[in-house]
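Reading the structure
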Number of protein chains: 2
Amino acid sequence: MRVLGVDPGLTRCGVGVVEGVAGRPLTMLGVGVVRTPSDAELGQRLVAVEQGIERWLDEHRPEFVAVERVFSQHNVRTVMGTAQASAVAMLCAARRGIPVALHTPSEVKAAVTGSGRADKAQVGAMVTRLLRLDAPPKPADAADALALAICHIWRAPAQNRLQQAVALHATRSPITSKGRTA
Amino acid sequence: MRVLGVDPGLTRCGVGVVEGVAGRPLTMLGVGVVRTPSDAELGQRLVAVEQGIERWLDEHRPEFVAVERVFSQHNVRTVMGTAQASAVAMLCAARRGIPVALHTPSEVKAAVTGSGRADKAQVGAMVTRLLRLDAPPKPADAADALALAICHIWRAPAQNRLQQAVALHATRSPITSKGRTA
């Protein structure tokens, strides 16, 4: 499974590509940051994010794109730009028919460090270890993008089993099915 | 001046095209709503918004696109979808080189009704009057999109004068210019 992780942002949009399956060593195929100038107009910045994401999709042809789920509660000052950059990333993937998964920051931290409240340094250290890198990727946005991709690879089997169980339950429970279509 | 107004939203994205100049009667060229199914995946909904906006740009070839400025403070439940839909609208315009302007809800209300705290019914009534329509456009998102376009047409001359004054001031004040480039 090849996953492009995207840590969305207008000024710095972290991107990282990881290949592997749960339970096996993972391989980093690429990591970087899509940057847009903060003094450019918002529309132009979104075009620059789109061009950057398109280049990463062209080069690495991921099967999944994992984007950090943006919440409106925190970082009120920057949340709008984050939401807009994430929309562009999701749009680029969905246009190509690539499935998009959203993971919350605490899901990502829990997946790679075991704790949903781990700090940036811990996440960077675990990403470095799991991908057998020489040093933590810089900036933190790039490391976070790799953590998102790892999180997706590790969570995917559980999510698939859950979907299969739900689908199986639906076919075995005519009452539930009736209730939902009524 | 031909302006496409966009009242962004994932479920209903209001769109309206108005032609005219400040101080002259205005003409409505089109009004509608781009809808996406709430049970579709987020990426697919963003693709549907993009396709809808592209159709409006193709059909009406506006010189400006006016989008409602989204704030993170209010409507926390829906603000993410609104921000994401607005990003798609801005992206579509900027990709074509069409200037994008953002206007706040109170700027729009003040422009068309004289009060920044006007309600939906007042805005609908004034849009109906200013564009000489038989009835207020439904739903409210469609009326709001027309109000955004009207607001842009009426505010544009003042904004242009302001920009010209700032530019003139910059050329006449070498100290300020030095300070900014230092």
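**Points about the sheet that holds strand E5 (residues 100–103) of chain A**
Residues and elements named next belong to chain A. Spatially, the 5 strands line up as an open sheet ordered E3-E2-E1-E4-E5, and their pairing is mixed. The two strands at the open ends of the sheet, each matched to only one other strand, are strand E3 (27–35) and E5. Along the sheet, successive strands turn relative to each other by an average axial angle of 20 degrees, direction set aside. As judged from the 4 bridges shared by strand E4 (residues 64–68) and E5, these two strands associate in the parallel manner. Pairing of Glu68 across the sheet is with His103, part of E5. Running at roughly 165 degrees to E3, helix H1 (residues 42–60) makes contact with strand E1 (2–7), strand E2 (12–19), E3 and E4 of the sheet.

**Let's talk about the packing of helix H3 (residues 105–113) of chain A against helix H4 (residues 120–130) of chain A**
All names here are of chain A. Two elements in contact, H3 and H4, have axes whose closest approach is 9 Å; the angle formed by their N-to-C orientations is 50 degrees. Our classification of the angle between H3 and H4 gives oblique. Helix-helix and strand crossings are classified by hand; for H3 and H4 the assignment is left-handed. Of the residues in H4, those in contact with Lys109, Val112 and Thr113 of H3 are Gln122, Val123, Met126 and Leu130. Along the lines of polarity and charge, the residues of the contact of H3 with H4 split into 4 nonpolar, 2 polar and 1 charged.

**A look at the interface of chain A and chain B**
Contact residues are listed per partner, giving 22 residues for chain A and 22 residues for chain B. Interface of chain A and chain B: buried area, both sides summed, is about 1900 Å²; carbon and sulfur atoms make up 74% of it. There are 2 salt bridges connecting chain A and chain B. With its nearest N and O atoms 2.5 Å apart, the salt bridge here joins Arg95(A) to Glu50(B). Listed by contribution, the elements that provide at least two residues to the side of chain A that touches chain B are H1 and helix H2 (76–95) of chain A. Counting residues per element, the side of chain A that touches chain B draws most heavily on H2(A), which supplies 12 residues. The residue makeup of the side of chain A that touches chain B, split by class, is 15 nonpolar, 5 polar and 2 charged.

So, how was this worked out
- Once a new chain begins, its residue numbering starts again from 1 and follows that chain's sequence as written.
- Chain letters and ligand numbers both follow the written order, the letters beginning at A and the numbers at 1.
- For a predicted model such as this one, the threshold for reporting local features is a pLDDT of at least 70, and the threshold for listing and counting side-chain atom pairs is 80 or more; totals across whole chains, interfaces and linings nevertheless cover every residue.
- The basis for every side-chain value is the complete set of heavy atoms in the structure, and neither hydrogens nor water enter the calculation.
- When DSSP finds two or more bridges between a pair of strands, those strands are recorded as paired.
- Segments assigned H or I by DSSP are reported as helices when at least four residues long, segments assigned E as strands when at least two residues long, and all are numbered from the N terminus.
- All axes here are fitted lines through C-alpha atoms, helices being fitted over the stretch that makes contact, and every angle between N-to-C directions spans 0 to 180 degrees.
- Between two residues, a contact is recorded if the distance between any of their heavy atoms is within 4.5 Å.
- For this classification, under 35 degrees means roughly parallel, over 145 means roughly antiparallel, 65 to 115 means roughly perpendicular, and everything else is oblique.
- A crossing counts as left-handed when the near helix is turned anticlockwise from the far one by less than a right angle, and as right-handed when that turn is clockwise.
- Residue classes follow a fixed rule: Ala, Val, Leu, Ile, Met, Phe, Trp, Tyr, Cys and Pro count as nonpolar, while Asp, Glu, Lys and Arg count as charged, and any other residue, Gly among them, counts as polar.
- Two parts placed together each lose some accessible area; with a 1.4 Å probe, that loss summed over both constitutes the buried area.
- Any carboxyl oxygen of Asp or Glu within 4 Å of a side-chain nitrogen of Lys or Arg constitutes a salt bridge here.

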